[in-house]
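One letter stands for each residue in the lines below.
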Amino acid sequence: MTTVRDPEDFSPALRAAMVTELRALRAITSERVARAVGTVPRHRFVPGQPLEAAYAADQAVVIKRDGGGAALSSLSSAHIQSVMLEQAEISAGMRVLEIGSGGYNAALIAELVGPDGEVVSIDIDPEITARARACLEATGYERVQIVLGDAEHGVPGHDVFDRIIVTCGSWDVPSAWRWQLATGDRLIVPLRLKGITRSIAFEADGDDLVSVSYQLSGFVPMQGAGEHHERVVAIGEGESWGLRVDDGAPGGRRCAAGRAGVPAA
Ligand SMILES: C[S@@+](CC[C@H](N)C(=O)[O-])C[C@H]1O[C@@H](n2cnc3c(N)ncnc32)[C@H](O)[C@@H]1O
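Keep in mind that what you see is a predicted model, and the values were worked out from it rather than measured.

Novice: It is not clear to me how the overall build of the protein chain should be interpreted in this structure. Could you clarify?
Specialist: When helices and strands are tallied, the protein chain shows 7 helices and 12 strands. Counting the 265 residues in the protein chain, one finds 39% classified as buried. Restricting the contact set of the protein chain to residue pairs at least 6 apart, pairs at least 24 apart contribute 49%.

Novice: Sorry, what's going on with unusual backbone geometry here?
Specialist: Residues other than glycine predominantly adopt negative phi, and peptide bonds predominantly adopt the trans conformation. With a phi angle near 65 degrees, Arg26 is a residue other than glycine that sits in the positive phi range. Here Arg26 shows up in the loop between helix 1 (7–24) and helix 2 (31–39). Classification of Arg26 by C-beta neighbours within 10 Å gives exposed; the count is 11. Of note in the backbone geometry, Lys194 takes a positive phi value of approximately 50 degrees without being a glycine. Within the fold, Lys194 resides in the loop between strand 7 (181–193) and strand 8 (196–205). The exposure class assigned to Lys194 is exposed, which follows from the 10 C-beta atoms found within 10 Å.

Novice: It is not clear to me how the site of the ligand should be interpreted in this structure. Could you clarify?
Specialist: Residues in contact with the ligand amount to 29 residues; listed here are only the nearest, Ser73, Gly100, Gly102, Asn105 and Ala151. Within the residue set of the shell around the ligand, elements represented by two or more residues are strand 2 (71–75), strand 3 (95–99), helix 5 (104–113) and strand 4 (118–123). With 4 residues, strand 2 is the single largest residue contributor to the shell around the ligand. Each residue belonging to the shell around the ligand can be placed in one class, and the counts come to 12 nonpolar, 12 polar and 5 charged.

Novice: Would you take a moment to explain the sheet that holds strand 5 (residues 145–148) for this structure?
Specialist: Working definition: the strands of a sheet are paired by backbone hydrogen bonds and lie parallel or antiparallel to each other. An order of 5-4-3-6-7-8-9 is seen for the 7 strands of this open sheet, with the pairing classed as mixed. Only two strands of the sheet have a single partner each, and these edge strands are strand 5 and strand 9 (208–216). Averaged over all pairs of adjacent strands, the angle between their axes in this sheet comes to 20 degrees, without regard to strand direction. As defined by bridge partners, strand 6 (residues 161–166) adjoins strand 7 across 4 bridges and the pair is classed as parallel. Bridging across to strand 7, Ile164 finds its partner in Leu187. Where helix 5 meets the sheet, it contacts strand 3 and strand 4, and its direction lies at approximately 165 degrees from that of strand 4.

Novice: Just to check I follow, could you spell out helix 6 (residues 126–138) for this structure?
Specialist: Because the α-helix completes a turn every 3.6 residues, residues three or four places apart line up on one side. Across its 13 residues, helix 6 extends 18 Å between first and last C-alpha, which sits within 8% of the 18 Å expected from 1.5 Å per residue. For helix 6, every residue scored as buried is listed here: Ile128, Arg131, Ala132, Cys135 and Leu136. Angular distribution of buried residues about the axis of helix 6 spans 130 degrees; they occupy a single face of the element. Counted as exposed and oriented over 90 degrees from the buried face of helix 6: Pro126 and Glu127. On its buried face, helix 6 sits against strand 1 (61–65), strand 2, helix 5, strand 4 and strand 5. Where helix 6 ends, the next residue or the one after it, Gly140, has phi of about 90 degrees, a positive value.

About the criteria used
Residues numbered from 1 in each chain as written. Predicted model: local features only at pLDDT ≥ 70, side-chain atom pairs only at ≥ 80, totals over all residues. Helix = DSSP H or I, 4+ residues; strand = E, 2+ residues; numbered from the N terminus. Buried ≥ 20, exposed ≤ 12 C-beta atoms within 10 Å, placed from the backbone. Contact = placed C-beta atoms within 7 Å. Near = placed C-beta within 6 Å. Nonpolar A, V, L, I, M, F, W, Y, C, P; charged D, E, K, R; others polar. Pairing = 2+ DSSP bridges. Axes fitted to C-alpha atoms, helices over the stretch in contact; angles between N-to-C directions. Expected span 1.5 Å × (residues − 1). Arc of directions from axis to C-beta.

Below, the structure is given as structure tokens:
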């Protein structure tokens, strides 16, 4: 006789084990993030994937690729999601904007803000917004608002947010993000600087954004108006070394030498 494993029987134990691992890795450092990660059923945002893949602490699951095989959308690793939620210091009742949808991270944010808070998640890809909405409804997080649009221009019809969490790799901070924050509010963004992506937490201070923490990270790239084409020009024979042209200018002055072919995670 074959016994079929019901994921719902195993997922609480897998979630608890993942929280223990994320605490050991110092990705989770607060009780409130531990409680959120221990509550949201991550496997239900990647149906059809093995439970082990859904609950591997440091593994992203690719949801969509372009014609060349590059990842366009993924369920980010629980490790970087926890790190960014800790950087954000979200509390009950806050209004939070997530840029880049998938459903799972928005559900974690919904747990953190509680019933009096508000979560808006925007994505540029209609397939991804439809999928995120369906997963959120199926798991009971239908109060998360999913918006289709290019986040480069902010979220029309919304005023300021207490927190903005960007979950795609960006080369810049569009002014729209700054103007959807008030003084003291936070923007968490994976910024790609000289070939390295760092999740940087900025605090709005008057007209400025002041960085308060950073962590190394890797993300699928931003699409739309803020898209940026980083070029690596091979030097000499073979493919080991190259010049990375950060600003796209031909023969660019702002080049950095490095190993060619080192991928953005
Ligand atoms: C890593 S995935 C998001 C993962 C998601 N936050 C989760 O729960 O794991 C990054 C997403 O950013 C979206 N994206 C890329 N550029 C965008 C833009 N300009 N505006 C809005 N979304 C964008 C992609 O379509 C992709 O779905």
